[in-house]
Amino acid sequence: RVLTEGSVDSLAWLRSRLAENLNLDLVGQMGGHSKARTHRPSSGLAGSAMIFALQKQLEKFTVAPAGGGKAHFELMKWTRATRLVSNGDAVGGVEYAVVTAKDQETPVRTGVVQGHNVLIATGGYASDYTPDSLLRKHRPDLLTYATTNNKGTTGDGHKLALSVGAKAIDLDDVQVHPTGFHNPADPTNKVKTLCAEITRGEGAILLHRGGGRFVNELGGRDYVTGRMLDVAKDSPNITEADGSDGKLLYALVMNSKGSAKTAKHIDLYSQKKLLTKFDSLKDLAAWSYWNASVSEASLRARFSQYDAEAVRGSDEWDKQFFHNTPFSDDAPYYAGLVTPVIHYCMGGLAISDDGSVLREDGSAIGGLFAAGEVIGGLHGKNRLGGNALSECIVFGRVIGNRIAAALKSRSSSVPAASASSSSTHAASLGNAPPETPAVQGGLQGAGREEG
């Protein structure tokens, strides 16, 4: 309820507060959606564009006031939160260790940030393959999959909160996204680039080695991944030229009209050599991915069939939305190899409607809040594309407003000198790489772009 009721206001808030550097001017449709309601910028990918805009706003608060005193905001890089400081039944700060880029294990300095409120926003645990990882404990069956998450997404925030009695829920609910790019130049890398769902939202289709479709590309992520696994069961063992197992590799193909609608994505993936441009259907048919049955004529027949289904508004996979057709005779085509990858953790810390972290008995841990992927129970068994950044923004605002109101009330109830000389009031823990603050995806406004 909090997410759905707060998403439209949060979209308006972003457009107002970040207007200098963010323009969410495009709207697209994601898998599992019945309408186009995912907002993204035409200037770039939603996640990076939003982080850039937020960073620019935050930089304004890192400057000390002209009249003296400390800056309102400090970003501590190369700093690891090591323990939550308890203050009776509440949390009153964070112990930390400062490390270096060359040695991220040996602290060069330690310290404590004291505050009335601590917000955990450290993301999920989908990039932790270590022996004591939450992923290994709750979903060992997924350890063979690569991930789209950065190397900092290791469940550290979960473990910090659990150590002070927080409740965790649904930790076995981990989402496998159907389209992570397979990079032939780096096939064994456990971190893969996500092929954004908006590519399928704007008309990209998925094909097996025989050049045929096998799925409603705009179905839910669990459904699309399931179809990939089903097709792989009936496929012969295949070893790629790079030595990797090719049974779970599929072709994502986009026509000219669709690629124009996702130009920033196409440019990025092409620069990374994850997508290949084919200037004609003949060139596409000569791609080394296909088996011997695929020819220019067979692909033309497949694409013409798809166009006819688009006119009819349905196909054998119950697809109802056919964007940017006709597909045939619409070169250049862009194609790349995709495979299922671990993408998102639906499970996490239990919270209340106001973002307070809860104990096993349902009571709130005073001073401790959580937002984003670190929380659990919000998305059920399978998150819809577009809801991750919505979750971050909506609950971030809810928690921020609550903390601000509490601080205002506290300041008005004590002498002014005491209020102004108090220690840091709030600490926020995030999982961003030291030099590149990162939040996954874009916004759903009631929509969001990817993640």
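Residues numbered from 1 in each chain as written. Predicted model: local features only at pLDDT ≥ 70, side-chain atom pairs only at ≥ 80, totals over all residues. Heavy atoms only, no water.

### Considerations on the overall build of the protein chain
Then comes step 1: Within the protein chain one finds twelve helices and 17 strands.
Then comes step 2: What you see for the protein chain is a C-alpha radius of gyration of 24 Å, in line with the 22 Å of a compact globule of 451 residues.
Then comes step 3: With the C-alpha coordinates of the protein chain rotated into their principal frame, the extents come out at 80 × 45 × 40 Å.
Then comes step 4: Considering the protein chain as a whole, with its 451 residues, one finds that 49% of them fall into the buried category.
Then comes step 5: In the protein chain, of all internal contacts separated by at least 6 residues, the share reaching a separation of at least 24 is 71%.
Then comes step 6: Carbon and sulfur atoms make up 52% of the accessible area of the protein chain, which amounts to about 20,400 Å² in all.
Then comes step 7: Within the protein chain, the 47 negative side-chain charges are centred at a point lying 3 Å from the centre of the 48 positive side-chain charges. (Helix = DSSP H or I, 4+ residues; strand = E, 2+ residues; numbered from the N terminus. Rg over C-alpha atoms; globule rule 2.2 N^0.38 Å. Buried < 20%, exposed > 50% of the residue type's maximum accessible area, 1.4 Å probe, protein only. Contact = heavy atoms within 4.5 Å. Areas by Shrake-Rupley, 256 points an atom, 1.4 Å probe, with all protein chains shown as cover. Lys, Arg positive; Asp, Glu negative; His and termini not counted. Charge placed at Lys NZ, Arg CZ, Asp CG, Glu CD.)

### Quick notes on the nonpolar core
Then comes step 1: The biggest cluster of nonpolar side chains holds 44 residues, and the ones touching the most others in it are V253, L284, W287, W290 and F303.
Then comes step 2: Residue assignment for this core shows that the elements contributing at least two residues are β9 (205-207), α6 (221-233), β10 (250-254), α8 (263-271), α9 (281-285), α10 (296-312) and β12 (333-345).
Then comes step 3: Here W290 is in contact with L207, H208, R209, G211, A251, L284, A285 and L299, once residues within four sequence places are set aside. (Core = buried A, V, L, I, M, F, W, Y, C linked by side-chain atoms within 4.5 Å.)

### Here's the deal with the packing of aromatic side chains
Then comes step 1: By the definition in use, this model includes eleven aromatic pairs.
Then comes step 2: Ring centres 4.9 Å apart and planes at 75° place the aromatic pair F303 and F327 in the edge-to-face group. Here F303, found in helix α10, pairs with F327, found in the loop between α10 and β12; they are 24 residues apart in sequence, far enough to count as distant.
Then comes step 3: F303 sits in the buried class, given a relative accessible area of 1%.
Then comes step 4: Exposure remark for F327: the relative accessible area of 0% places this residue in the buried category.
Then comes step 5: Through successive ring pairs, a cluster of aromatic residues spans F303, Y306, F322, F327 and Y333.
Then comes step 6: Positioned above the aromatic ring of Y344 is the side chain of R383, whose terminal nitrogen or guanidinium carbon lies 4.1 Å from the ring centre. (Phe/Tyr/Trp six-rings, centres within 6.5 Å; stacked < 30°, edge-to-face > 60°. Lys NZ or Arg CZ within 6 Å of the ring centre and 35° of its normal.)

### What about the confidence of the model for the protein chain?
Predicted coordinates in areas of low pLDDT are best not read in detail.
Then comes step 1: This prediction gives the protein chain a mean pLDDT of 87; 91% of its residues lie at or above 70.
Then comes step 2: In this model residues 414-425 is a low-confidence stretch, pLDDT under 50, and it forms 13 contacts with partners more than four residues away in sequence or in other chains.
Then comes step 3: For residues 432-451, every residue scores under 50 in pLDDT, and the model assigns this stretch 102 contacts once sequence neighbours within four places are set aside. (pLDDT = per-residue confidence, 0-100.)

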